[in-house]
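Structural overview for review
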Amino acid sequence: MYPDSTLVDVLACCANGGRGMAGLHLWNTASRDYDHVSYAELARRSFAFGARLADRGCIDGGVCLIACHSPYATLVAFYGAISAGAVPMILPMPKALGSHQALAERIRYWGFKFSRAPVLVLESGLEEKFHSEIPPEIATIRLSDSPSGSLEALDKPTAGRLPLSGDIAFFQTTSSSTGDHKAVAIAHGNVLSNVYGIRAAVDMEATEKMISWLPLFHDMGLVGAVLFSLCQGYPLYLMTPTQFIKRPLLWLRGISDARCTITTAPNFGYDYCCRLISDKDAGALDLTCVKHFFIGAEPIRESTIRGFCSKFAAAGVGHDQVRPAYGLAESTIITTISRPRTPARFAYLDPGSIGFNQPVRLLGTRLFDALDDSDPTESVAVCTAGRAIAEMSVTLVDEEGLPVTGDGFAGEIVIKGGSVALGYVGDGKEPVDRFHDSTVATGDLGVIIDGDLFIIERIKNVIIRSGENFLVSALEQRLADLFGVSHDNVAVFESDIHDPRSDIVVLVEKRAELAEDQVDRILANMPSETLIIDSILLHRARAIPRTTSGKKRHFYCRRLYNSGELSFQQRIAVTPDRIAAALKTTSTD
């Protein structure tokens, strides 16, 4: 069905020159240029590193934990583990977790999770920062971060038994938005099904080039960029998230200079470029080469699509290049994707009509090229996620797990097919708690309109009061507009999700405390749907807990709030009496 059956087959093909000179192009901050490493060289060096792992006994399903800053070291360790028959797991780095202590805690957690102790691969220079915190039971191997280093090369993998398509290829950590450590087991066949399904869905050719700045511990960076490019033989230009954050122009200039045709990023990445790249720098780019700006991994904002296409229109960016997609670690990466010849669009839903197995009232739709600043309705804007890729299917179910069949009826999204992971890394005797029949209930609320999937909200982020549903994302956007901050700086959560009478709390990241007259104006101008809120907390710094991929951790907000650990500088009580007083005060101004 595919040119190769496993990732080991792919690497062996690369080592034998099957990908030509195609390979990685790694951004070097010192030389301000890309260092080229062919897939052939990368595969042969990975095979040699796999032999080192095998000498340490990391074979036959043994786990290899990887803690490396550089993409090169990470991938040598990752591919080396796979070639040795081990199961790699890439861990987030201290900058993503917040501290070296947080990384050490992850290492300790996963280090004692399995029946035998894993081997830990550390990039040179990282070990001494928390060496004393690594348990002695966990063997460590150091690895250079330099592509020009003296690492040996082997032409063949060292694994005694070559893997089968259904065997575990690697463990993928999830974003842990619930606060739990969780990982899914991805099979070799899952990866190949997904990457070839993506290619077929958008009619890619053999001459594509890709560029990415996404972290390799995240499925979007590892599968959506690195493994996708490796399996297709596409050149891949790589930079680190830190390099992108410091200078986002690097990403788009890399596209322009190398004539890359594919890239992918969450909503944040596109919005970040709009805000931090000057009009002068934007005008000097040539982005006409791009066929696909993939966007996903978090809610897709109308303002972001409109802003990005407008900001970089002179550089050749058009609405037809933007390709929304929906996926999750449990489906390897992509589940659905919008097609090139099907114009992407936003649907505008009546928030009061959203509920399980209920017809969602559609207030209108707009194609991407018709987006403007107007907001004619008090609606929720949701972006198309397209249709399922090959070997995948998407259905909706109600709260009892029964099928939702009506077009335009909302339900929980259930995915099934060849890209669905084997299961979660187990807590019991079995290494993997397998998904039944390759099926996963995602916990996302969605609706299918004219055959296209639209993602409404995480189910746990729907607040119900007096029988009425309130979308957390919609509340956060309304309050962000009110406070003059980004929606990323607002978190709305219930103090107790099991008590329908519990307080609804808002945490706002805003630099300055508000004077009394400013508070009055805000309370007097609160939109009607936000009046269910009981308390607003203001904090000058980044107080909202976030996952390693930047998603707001509403669960953890609630935990910190209830334990009294949630930091804030100012509390605003939202009560009928306080709002009445504010209205009276502002009316006399």
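Whatever comes next refers back to the structure up there.
Residues numbered from 1 in each chain as written. Predicted model: local features only at pLDDT ≥ 70, side-chain atom pairs only at ≥ 80, totals over all residues. Heavy atoms only, no water.

We now examine the pattern of salt bridges. Summed over the entire model, instances satisfying the criterion amount to 17 salt bridges. With its nearest N and O atoms 3.4 Å apart, the salt bridge here joins Arg366 to Glu302. Remark: Glu302 occurs in helix α12 (residues 302-311) and Arg366 occurs in strand β16 (residues 362-367); sequence separation between them is 64 residues. On the accessibility criterion, Arg366 (15% relative accessible area) is buried. Exposure remark for Glu302: the relative accessible area of 15% places this residue in the buried category. Notably, a salt bridge pairs Lys416 with Asp437, separated by 2.9 Å at the nearest N-O pair. Taken together, the residues span a long stretch of sequence, with Lys416 in strand β21 (residues 410-417) and Asp437 in the loop between β23 (432-434) and β24 (439-449) at a distance of 21 residues. (Salt bridge = Lys/Arg side-chain N within 4 Å of Asp/Glu carboxyl O. Helix = DSSP H or I, 4+ residues; strand = E, 2+ residues; numbered from the N terminus. Buried < 20%, exposed > 50% of the residue type's maximum accessible area, 1.4 Å probe, protein only.)

All right, on to the packing of helix α10 (residues 267-276) against α12 then. Contact geometry for α10 and α12: axes closest at 9 Å, N-to-C directions at 45 degrees. By the criterion of interaxial angle, the relationship of α10 to α12 is oblique. As for the relative orientation of α10 and α12, their crossing is left-handed in sense. For the pair formed by α10 and α12, the contact residues are Asn267, Tyr270, Asp271, Cys273 and Cys274 on the first element and Thr304, Gly307, Phe308 and Lys311 on the second. Here the residues of the contact of α10 with α12 are counted per class, giving four nonpolar, three polar and two charged. (Axes fitted to C-alpha atoms, helices over the stretch in contact; angles between N-to-C directions. Parallel < 35°, antiparallel > 145°, perpendicular 65-115°, else oblique. Left-handed = near helix turned anticlockwise from the far one by under 90°. Contact = heavy atoms within 4.5 Å. Nonpolar A, V, L, I, M, F, W, Y, C, P; charged D, E, K, R; others polar.)

Take the side chain of Glu476 next. Assignment of secondary structure puts Glu476 in helix α13 (residues 472-483). Residue Glu476 is classed as buried on the basis of its relative accessible area, which comes to 3%. Side-chain polar atoms of Glu476 contact the side chain of Lys552, separated by 2.9 Å. The contact partners of Glu476, leaving out residues within four places of it in the chain, are Val490, Ala491, Val492, Lys552 and His554. (Polar contact = N/O pair within 3.5 Å; in protein donor to acceptor, adjacent residues only side chain to side chain.)

With that settled, consider the sheet that holds strand β31 (residues 570-573). Strand order in the open sheet formed by four strands is β28-β29-β30-β31, and the pairing between neighbours is mixed. The two strands at the open ends of the sheet, each matched to only one other strand, are β28 (490-494) and β31. Taken over all neighbouring pairs, the strand axes of this sheet differ in orientation by 20 degrees on average, direction set aside. Along the sheet, helix α15 (residues 554-563) makes contact with β28, β29 (504-509), β30 (535-539) and β31, crossing β28 at roughly 70 degrees. (Pairing = 2+ DSSP bridges.)

Relative to the 24 Å expected for 17 residues at 1.5 Å per residue, helix α2 (residues 39-55) spans 24 Å between its end C-alpha atoms, a close match to the ideal helical length. With twelve of 17 residues buried, α2 is to be regarded as a mostly interior element. What α2 keeps buried is the set Tyr39, Ala40, Leu42, Ala43, Arg45, Ser46, Phe47, Ala48, Phe49, Gly50, Ala51 and Leu53. One or two residues past the end of α2 sits Gly57, with phi positive at roughly 85 degrees. (Expected span 1.5 Å × (residues − 1).)

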